[in-house]
Amino acid sequence: MRALERHRKLTAIWASETGFKGWFSTVNHNDLGRMFLFTAFFFFIIGGLLAMLIRVQLATPNSAFAGPEIYNQIFTMHGTVMMFLFAIPTFEGLAIYLLPKLLGTRDLAFPRLTAYGFWCYAFGGTMLIVAMLFGIAPDGGWFMYPPLSSAIHSPGINADFWLIGITFVEISAIAAAVEITVSVLKYRAPGMSLEKMPIFAWYALITALMILTGFPPLILGSVLLELERAFGLPFFQADLGGDSLLWQHLFWLFGHPEVYIIFLPAAGVISTVLPVMCRTTLLGYGWIVSAALALAFLSFGLWVHHMFTTGIPHLGLAFFSAASTLVAVPTGVQIFAWIGTMWKGRPELHLPMLHILGFFVTFVIGGLTGVMVAVVPFDWQAHDTAFITAHLHYVLFGGFVFPIFAGIYYWLPHFTGRQQFFRLGELAFALVFVGFHVTFLAMHWVGLLGQRRRISGYTPEDGWSVINLISSVGSFILAIGIAMILIDVLLHIFTARRSCRNPWNATTLEWAMITPAPAYTFASLPLISCRDPLGREPALATALARGEGYLGVPREGLRETLAVDSASGRPEMHVLYPANTRLPIVMSAVTGLFFLSLLLKFYWTVPLALVGVIILAWRWVWSLGLRDDPAMQPVGHDLTLPSAATAERAPGWWGSVFLLTANGTFFGALLFGFAFLWTVAPGWPPPVWFKPSVLEFALGVAGAVIAPLAMRRAIRKNRAGDTPFSNVLIALFGIAVLGITCAALMMRAPAPTSHAYGATLLVLGGYGLFHATVAALMSGFLATQMRLGFTSAKRRAAFPIVALWVKYASITGLIILSAAHLPGMLS
Amino acid sequence: MTELLRILLAPLVWLVSFSAIYGLHGLLCETAEGSFAEFPVQRFVLLAAFLLAIALQITILWVLYQPRFAAPAGLLRFVSRAGGWTGLVATVWTLFPIVALSTCT
Ligand code: HEM
Ligand SMILES: [Cu+2]
């Protein structure tokens, strides 16, 4: 087969529907990555316009531009849009677009999940923007502290938009994180061991794991606060056994890692682009991986530094102050590795390199002011002043926006297949750089003079007028610079000349294809033997196009790829992807209906939406079933591989493991909240305790023990060739009993609206009931599949997955029942 | 999975001991109002927890250097040992205030 013919055939298999319709049914990472990035930049522009409004307001004293009500909405939406709708989705988009190309495979692990995540993001973001257009946007600051954001002090719907909209968007972050983790671990080119992975993949993996463990506390906080606002469960109300500090803990347990979730992908871009700009290889690969890992961990031990002024004990202050200074070390290691890389090579001042230099200057300054505010006495002075806002922009703009601009200019030829033509970009960079520093250096200064953040006005007597005016002028220079970058990029997309295949002479795999990237990504999959495949074999792209790699023979209508052993990169199974479908967009619309019903308090549509989600999820998984045992599949180079449907640990199992990791963090945060309220909150002990019941407890424990055992037995019997229908039914029964005892706990939780104790028990019971329901549905699904002949000793992938969820429901159920019943029984 | 475990173990143990000792301090202070001056037992418990955490980290690091348990040579070994050092240094540095401070306020 000739290269052109292969190209035509593969394109027919992988392409999305033509035109407008294709957007709604595509599951291809090429499309979805672009859609993510495009949408994220759209939100960046909105966030940027809001920033301009802020600076207009603050430019002069006694400004009459916007009243405090509107101003509160403006800065809240600016922070929210930038953090949740721009920064995180930009990482997701970049990772979705790049990872399969860098890893030498054809798509991500769960293409439909990618699409679902995108639509959740698009719909959730739209909800927030619509709220803003109607003037009912959130106005409690981007961290929404209660009691300000509780129903008593923010009675309108504004705060609900934040809590519900952001939770909706968060689904997309979790989906992308699961997707990225499994893809990096399992979906790589043959031979690409962890050691040979491009550095960006390490960063993406670490960031994704951080999203899985960092976002759940915020989701929990949002759920609890929304429950308080909508139904009066007083988790954060000090007079009813709640504590508003609990919100701060949950928020910053998320919020601090979030900062590194934003920075690490940007660092990944730098580690990828910088060596190419310096015509050399990255110095200290192992050090960089280690530093990124250390950073990820340390960042989870810093959250209290946002709470230095809340009156926590000195020892706590000292702990978190020490941890905050320590985090500078791994950051420093990375910076020095990059400086060493520049030293080693011959830096060329192309446009991406300019932005990287902008990053260095800005981020290092931001890091230094960060160490300043890590010192408690200094923070007591600077807390909630413009100094903090200036610091956070040095870190976020320096540590994210500059690297992303570098990335855009670097990969633009890949997106478009064109060559940079105009030289507008250099001027734009200069404006952005100067504008940024004028704006925010001034804000440091005025902050030290005492200007608080989030104020809508000040008087001439404050003595801040000139500095604020300078800052505002700077922000307009910055805005012009960003507008010019936008124009430059548009000009590039529409007018530039065609470029050659690998314009930067890079050595990573994403350049081993025609640009713009074809729908199928690689015509055949490479065999990887080093970290710089294109450096060793410059003609790799043509060889792959000629089908000399793995899976070089297109098979009618089948989207194929390989999955590998995660450590060694040895090919392990043969994977078939689902094709274009509208299921994801429909599913996320129904999910959106669920959230909208909660928001607008149409409670009768909530169960409808839930049933809808269940039906769609059922269809989603059902379509993966096979009627016959799949045969071993030749994949080229004399290699035959088993199908993923016959694997003990199929991709779905891996996905479940990481989804449950996030879920477990959520549950852990919930237990932490319970313990926190119990020991720290005023207003304890509660007026009435829960009445323990030996019967309920014993029944629940029995169910929780029987169900996983039955599933284990089912796996064994199935492997031996039996059809373990009855075992799965026993598991279903056990899990149902567990669910009923959790429901009983909910019914009997003492006066949930009058004390946080009962409220927490209600939520714990609800958590148990929810997971028991999910596990029961999955067992029911498996039983149905067995009845209709969709499983066999070979087609066994579904069993371990269901077993995993059953086990999870059982363990968490046991903990919940113990937390509720045992204290009463023991005392 | 063992590769992952080797890399993540030490920092995870740091995270757990850091949070646990922070919580422990809160609990101990429930009993000792204001300061540990008259409550040497609580102070002793905290110091013991600190030493235990360090001992755990040293053990992990030691294990990572044993040929029998170490990761295969190359990147994974390097990263796992770097993780071990991270855990140890982080434990000593972030929990050090226990030695210097004895108040509950
Ligand atoms: C485009 C240039 C930008 C300008 C001129 C700008 C300007 C500002 C200003 C003046 C404030 C202070 C509002 C106040 O305290 O009253 C602010 C707040 C904030 N900005 Fe930006 N910003 C920019 C970009 C960004 C980016 C890229 C991010 C994040 C990735 C970001 C995240 C935030 C956050 C989180 C807040 C705090 C909001 C709050 O207090 O609730 N900003 N910005
Ligand atoms: Cu922080």
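Calculation notes
- Residues numbered from 1 in each chain as written.
- Chains lettered and ligands numbered in written order.
- Predicted model: local features only at pLDDT ≥ 70, side-chain atom pairs only at ≥ 80, totals over all residues.
- Heavy atoms only, no water.
- Buried < 20%, exposed > 50% of the residue type's maximum accessible area, 1.4 Å probe, protein only.
- Helix = DSSP H or I, 4+ residues; strand = E, 2+ residues; numbered from the N terminus.
- Pairing = 2+ DSSP bridges.
- Near = heavy atom within 4 Å.
- Polar contact = N/O pair within 3.5 Å; in protein donor to acceptor, adjacent residues only side chain to side chain.
- Core = buried A, V, L, I, M, F, W, Y, C linked by side-chain atoms within 4.5 Å.
- Domains from an automatic or database assignment.
- Contact = heavy atoms within 4.5 Å.
- 1 Å grid on protein atoms, 1.4 Å probe; cavity = no way out; pocket = protein on both sides within 12 Å on 5 of 7 lines; lining within 4 Å.
- Points joined across faces, edges and corners; volume = space filled by probe spheres on them.
- Nonpolar A, V, L, I, M, F, W, Y, C, P; charged D, E, K, R; others polar.
- Donors = N, O, S within 2.8 Å, 3.2 Å for Na, K, Ca; no water.
- Tetrahedral: all angles 85-135°; square planar, octahedral: opposite > 155°, others 65-115°.

Asks: Just give me the short version of the pairing of strand β2 (residues 571-577) of chain A, but keep the residues and values in it.
Replies: All names here are of chain A. Most of β2 is tucked away, with 5 of its 7 residues classed as buried. The sheet contact formed by strand β1 (residues 559-564) and β2 spans 6 bridges and is antiparallel. By the bridge assignment, Ala563 is partnered in β2 with Met573. Here β1 hands over to β2 after 6 residues, with Gly569 in that stretch at a positive phi of 75°.

Asks: Run through the site of ligand 1, naming residues and quoting values.
Replies: Residue and element names in this part refer to chain A. Close to ligand 1 lie 22 residues; Tyr71, His78, Trp142, His393 and Arg454 are nearest. In the model, an oxygen atom of ligand 1 is placed 2.7 Å from a nitrogen or oxygen of the Tyr71 side chain. In this structure, Arg453 approaches ligand 1 through a side-chain N or O atom, which is 3.0 Å from an oxygen atom. Taken together, the elements giving at least two residues each to the shell around ligand 1 come down to α3 (29-59), α4 (68-103), α14 (386-416) and α15 (424-448). No other element matches α4, which puts 6 residues into the shell around ligand 1.

Asks: Pulling in residues and values, what's your account of the nonpolar core?
Replies: Residue and element names in this part refer to chain A. Counting 303 residues, the largest nonpolar core has Leu99 and Trp338 as its most contacted members. Among the elements that take part in this core, α4 stands out by supplying 21 residues, more than any other. Counting only domains with at least three residues in this core, you end up with domain 1 (3-10 + 27-495) and domain 2 (644-826). Not counting the four nearest positions on each side in its chain, Leu99 is found in contact with Leu94, Leu108, Ile180, Val184, Phe200, Ala201 and Ala204.

Asks: Please give an account of empty space enclosed by the protein that cites residues and values.
Replies: Considering all chains together, one arrives at 8 cavities of 30 Å³ or more under this definition. By volume, the second largest cavity is sized at about 50 Å³. If you trace the second largest cavity, you find it lined by A:Ser290, A:Leu293, A:Ala294, A:Phe297, B:Ile7, B:Pro11, B:Val79, B:Ala82, B:Gly83 and B:Thr86. Counting only elements with at least two residues in the lining of the second largest cavity, the list comes to α9 (285-298) of chain A together with α1 (2-31) and α3 (75-95) of chain B. Considering only residue class, the lining of the second largest cavity consists of 7 nonpolar, 3 polar and no charged.

Asks: Explain the coordination of the copper ion (ligand 2) residue by residue, including any values.
Replies: Expected angles at a metal are 109.5 degrees for tetrahedral coordination by four donors and either 90 or 180 degrees for octahedral coordination by six donors. Residue and element names in this part refer to chain A. The copper ion (ligand 2) binds to the protein through His256 (ND1), His305 (NE2) and His306 (NE2), with metal-donor distances spanning 1.7 to 2.0 Å. Counting gaps between the donor residues of the copper ion (ligand 2) yields the pattern H-x48-H-H. Take His306: its relative accessible area is 22%, and that puts it in the partly exposed class.

Asks: I'd like a rundown of the coordination of the iron atom of ligand 1, residues and numbers included.
Replies: Residue and element names in this part refer to chain A. The iron atom of ligand 1 binds to the protein through His78 (NE2) and His393 (NE2), with metal-donor distances spanning 1.9 to 2.0 Å. Coordination at the iron atom of ligand 1 is octahedral: its 6 donor atoms span angles of 88 to 180° at the metal. Taken together, the positions of His78 in helix α4 and His393 in helix α14 put the pair 315 residues apart, joining distant regions of the chain. Comparing His78 with His393 shows no difference in burial state: the two are buried.

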